[in-house]
Amino acid sequence: MAHLLGTGRNPQLPALIAKRPDYAVMAICVGMQSLNVADGGSLFQDIPSEIYGQHTLEQVQASAPATLHRNSWAALDPEPVVAAGIFHPIRLTLRAPDTLRLISDAEHIVPHVMSIHHQAVKRVGVHYDVTATSLDGKVIEGIRHRTYSHVFGWQFHPERPVLWDKDEVGKMNEADPERNFAYTTLQRDPQSRAFNIALWQTFLSHLNGSRHHQVP
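Since we're looking at a predicted model, the values are computed, not measured.

Participant: Can you help me understand the overall build of the chain in this one?
Facilitator: Scanning the chain from terminus to terminus reveals nine helices and eight strands. Here the C-alpha radius of gyration of the chain, 18 Å, is about what a compact globule of 216 residues would show, namely 17 Å. Overall size of the chain, expressed as C-alpha extent along the three principal axes, is 60 × 35 × 35 Å. The buried share among the 216 residues of the chain stands at 46%. Across the chain, contacts joining residues at least 24 apart in sequence account for 62% of those joining residues at least 6 apart. Only carbon and sulfur atoms are counted for the fraction: they give 56% of the accessible area of the chain, which is about 10900 Å². Charged side chains of the chain number 19 positive and 21 negative; the gap between the two group centres comes to 8 Å.

Here is the structure:
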């Protein structure tokens with residue numbers, strides 16, 4: 001990461017991306033965390049305890065849904081049908097791509113995304129701006145490179161097959177009657193579904209643009 005994008009830890013290290021400034025990168029979950037740490041940023045090691053002061057599973061499960069970033073039932077239930085992810089709303093900042101902000105700003109809609117993590121960005125790397133946060137603003141959900149604007153990091157998971165394939169199995173817990181709660185959640189929430197699709201469309205437009213760039 002440091003060699004590709006440069007790093008705040010060593011400003012003298014040349015960034016390979018300078019030869020391809022339109023090169024597109026989308027880093028997801030630990031990928032976003034890696035972008036941040038490579039650039040001199042830091043991480044919260046555990047969201048429940050360090051951000052919300054929750055130290056037991058009971059406290060986590062009793063908290064507001066908007067503060068949950070992974071499905072705690074998955075840690076308790078060894079059944080593979082129990083999904084690790086959970087949905088929560090995010091709020092975009094002015095540094096998010098316009099294609100995404102147009103969707104999320106309409107009628108003050110906040111899109112829901114699926115997360116599976118317990119770590120989060122704490123101190124943002126020197127070359128990045130925040131593009132999205134949790135609804136309460138305590139968890140950073142997206143970052144974007146200040147110089148190379150086609151480089152993004154998203155804390156949540158828009159790529160999981162369980163979101164898009166109704167035949168995938170993913171339950172909230174073993175007793176959940178729904179076969180795939182992630183798929184049905186997006187089907188019932190057209191704004192959030194549109195946001196997750198637009199995220200991929202935005203990245204693909206950057207990716208297609210970078211493919212046509214000729215290296216001198």
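Participant: Teacher, can you tell me more about helix α2 (residues 30-38) here?
Facilitator: Along an α-helix, residues three or four apart share an orientation, since each turn contains 3.6 residues. G31, M32, Q33, L35, N36 and A38 are the residues of α2 that are buried. Backbone geometry just downstream of α2 places G40 in the positive-phi region, at approximately 95 degrees.

Participant: What should I look at first to understand the pattern of salt bridges in this one?
Facilitator: Once the charged atoms of two side chains with opposite charge are near each other, the side chains can pair. Tallied over the entire structure, the rule returns six salt bridges. The shortest N-O distance in the salt bridge between R95 and D129 comes to 3.0 Å. Residue R95 is located in the loop between β3 (86-92) and α6 (98-105), and its partner D129 is located in strand β6 (residues 128-134); the two are separated by 34 residues in the primary sequence. D98 is the partner of R101 in a salt bridge, and the nearest nitrogen-oxygen pair spans 3.2 Å. Of the two residues, R101 and D98 both sit in helix α6, three residues apart, roughly one turn of that helix. Salt bridges linked by common partners bring R95, D129 and R146 together as one network.

Participant: Explain the nonpolar core to me, please; I cannot follow it from the model alone.
Facilitator: If you look at soluble globular proteins, the nonpolar side chains tend to sit buried side by side. Among the nonpolar cores identified, the biggest contains 17 residues, and I90, L92, L100, W154, F156, F195 and L199 are the most heavily contacted of them. Residue assignment for this core shows that the elements contributing at least two residues are β1 (25-28), β3, β8 (151-154) and α9 (190-211). Every residue in contact with I90, bar those within four places of it in the chain, is listed here: V110, P111, V113, A132, T133, E141, F156 and F195. Residues I17, M32, I140 and Y148 belong to the second largest nonpolar core, which totals 13 residues.

Participant: Sorry, what's going on with the pairing of β3 here?
Facilitator: For a regular strand, the rule is simple: side chains alternate between the two faces of the sheet. Taking burial as the measure, the seven residues of β3 include six buried ones, the bulk of the element. In this sheet, strand β4 (residues 112-115) lies alongside β3 in antiparallel orientation, the contact comprising four bridges. Each residue of the ladder has a partner; that of F87, found in β4, is M114. In this structure, β3 lies alongside β6, joined through three bridges in antiparallel fashion. The residue of β6 that forms the bridge with I90 is S134.

Participant: Would you mind going over the environment of A74 with me for this structure?
Facilitator: Within the secondary structure, A74 is located in helix α5 (residues 72-76). Placed 110 residues apart in sequence, A74 and T184 show a C-alpha to C-alpha distance of 19 Å. A74 has contacts with V82, A83 and A84, leaving out every residue within four places of it along the chain.

Participant: Explain helix α8 (residues 181-188) to me, please; I cannot follow it from the model alone.
Facilitator: Inspection of α8 places F181, A182 and L186 among the buried residues, and these make up the whole buried set. The arc enclosing the buried residues of α8, seen along the axis, measures out at 130 degrees, which places them on a common side. You can read the cap of α8 off the contacts: a side-chain oxygen lies 3.2 Å from the backbone nitrogen of A182, and it is on N180.

Cut-offs applied
Residues numbered from 1 in each chain as written. Predicted model: local features only at pLDDT ≥ 70, side-chain atom pairs only at ≥ 80, totals over all residues. Heavy atoms only, no water. Helix = DSSP H or I, 4+ residues; strand = E, 2+ residues; numbered from the N terminus. Rg over C-alpha atoms; globule rule 2.2 N^0.38 Å. Buried < 20%, exposed > 50% of the residue type's maximum accessible area, 1.4 Å probe, protein only. Contact = heavy atoms within 4.5 Å. Areas by Shrake-Rupley, 256 points an atom, 1.4 Å probe, with all protein chains shown as cover. Lys, Arg positive; Asp, Glu negative; His and termini not counted. Charge placed at Lys NZ, Arg CZ, Asp CG, Glu CD. Salt bridge = Lys/Arg side-chain N within 4 Å of Asp/Glu carboxyl O. Core = buried A, V, L, I, M, F, W, Y, C linked by side-chain atoms within 4.5 Å. Pairing = 2+ DSSP bridges. Arc of directions from axis to C-beta. Polar contact = N/O pair within 3.5 Å; in protein donor to acceptor, adjacent residues only side chain to side chain.

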